[in-house]
Amino acid sequence: ALASGRERGAVRLVAVSKTQPLSKVGAVLATGHRLFGENRVQEAEAKWPILRQNFPGIELHLIGPLQTNKVRQAVALFDAIGTTDRPGLAHAGADERGRPGRRPRCFTQVNPGEDPKKAAIFPAEADSFIDHCRSTLGLPIEGLMCIPPVDEPPAPHFALLAEMARRHGLPCLSMGMSADFELAVRMGATHVRIGTAIFG
Ligand SMILES: *Cc1c(COP(=O)(O)O)cnc(C)c1O
């Protein structure tokens, strides 16, 4: 962050603990780190409620695709839902949030490479979707998330995401993984999602 002319602490590290055994997750918790990302609701439910009892201050982000029938569980477990990416899911999320209890933050996942094999909303539809979530459904979208196509340079995709966030006045940008987080930080990431570089 400092090398990019940004403030110390401007970028948060999401330790991606999907598929990792409790022993490895425990080792990272023992360093004091508290912000983690998981891809699957069921896997996270098996791991985190117990860990939460033993390590106060844990913040958990869902960074994988979310099925509409898992929204209730996801809202109950996660502090942020990173993949609010389609109208049905946004509606279900808004309904769940109407119930008393937890109110996770939301990121919209954008598919900047328009890869049809991947989830996430295409850029052409994202502007109206974000407006709909915020003004009609009252979902507090705080930021955008993306995974650039693996076989292309990530910079143009990060730039597209950053520009879209600026346009909507969204403060958070979740972009950058083990292979490209330095570039993502230079381009404005506020959250980098790192798995392999931490856990091997
Ligand atoms: C697995 C995963 C990561 C971490 O990727 P690494 O290359 O292991 O750092 C980040 N974001 C998402 C959405 C992931 O599924």
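Now for a description of the structure that goes with this document. (Residues numbered from 1 in each chain as written. Predicted model: local features only at pLDDT ≥ 70, side-chain atom pairs only at ≥ 80, totals over all residues. Heavy atoms only, no water.)

## Digging into the overall build of the protein chain
Then, number 1: Helix and strand content of the protein chain: eight helices and eight strands.
Then, number 2: For 200 residues, the compact-globule estimate of 2.2 N^0.38 gives 16 Å, and the protein chain sits close to it at 16 Å.
Then, number 3: Residues counted as buried form 48% of the 200 residues belonging to the protein chain.
Then, number 4: Surface exposure of the protein chain reaches about 9,600 Å², of which carbon and sulfur atoms provide 55%. (Helix = DSSP H or I, 4+ residues; strand = E, 2+ residues; numbered from the N terminus. Rg over C-alpha atoms; globule rule 2.2 N^0.38 Å. Buried < 20%, exposed > 50% of the residue type's maximum accessible area, 1.4 Å probe, protein only. Areas by Shrake-Rupley, 256 points an atom, 1.4 Å probe, with all protein chains shown as cover.)

## Structural notes on unusual backbone geometry
Then, number 1: Positive phi values are uncommon outside glycine, yet Glu-114 reaches one of about 50°.
Then, number 2: As for its position among the elements, Glu-114 is in the loop between strand S5 (105-110) and helix H5 (123-136).
Then, number 3: Using a relative accessible area of 40% as the deciding quantity, one classes Glu-114 as partly exposed.
Then, number 4: At Ala-120, a residue that is not glycine, the phi angle is positive and equals roughly 90°.

## Considering the nonpolar core
Then, number 1: Formed by 27 residues in total, the largest nonpolar core has its most connected members in Val-110, Leu-139, Leu-144, Leu-161, Leu-173 and Met-175.
Then, number 2: Top contributing element to this core by residue count: helix H6 (residues 155-168), with five residues.
Then, number 3: Leaving out residues up to four positions away in the same chain, Leu-139 has contacts with Thr-84, Ala-90, Gly-93, Ala-94, Arg-97, Cys-106, Cys-133 and Arg-134. (Core = buried A, V, L, I, M, F, W, Y, C linked by side-chain atoms within 4.5 Å. Contact = heavy atoms within 4.5 Å.)

## Remarks on the packing of aromatic side chains
Then, number 1: Enumeration over the complete set of coordinates arrives at one aromatic pair.
Then, number 2: With centroids separated by 4.8 Å and ring planes inclined at 45°, the aromatic side chains of Phe-36 and Trp-48 adopt a geometry described as tilted. Here Phe-36 is found in strand S2 (residues 35-38), whereas its partner Trp-48 is found in helix H2 (residues 41-54), with twelve residues between them in sequence.
Then, number 3: A relative accessible area of 0% places Trp-48 in the buried class. (Phe/Tyr/Trp six-rings, centres within 6.5 Å; stacked < 30°, edge-to-face > 60°.)

## So, the packing of helix H1 (residues 22-30) against H2
Then, number 1: Closest axis-to-axis distance for the H1/H2 pair is 12 Å, and the angle between their directions is 40°. For the element pair H1 and H2, the recorded crossing hand is right-handed. Contact residues: Leu-22, Val-25 and Leu-29 in H1; Lys-47, Trp-48 and Leu-51 in H2.
Then, number 2: Its residues placed into classes, the contact of H1 with H2 shows five nonpolar, no polar and one charged. (Axes fitted to C-alpha atoms, helices over the stretch in contact; angles between N-to-C directions. Left-handed = near helix turned anticlockwise from the far one by under 90°. Nonpolar A, V, L, I, M, F, W, Y, C, P; charged D, E, K, R; others polar.)

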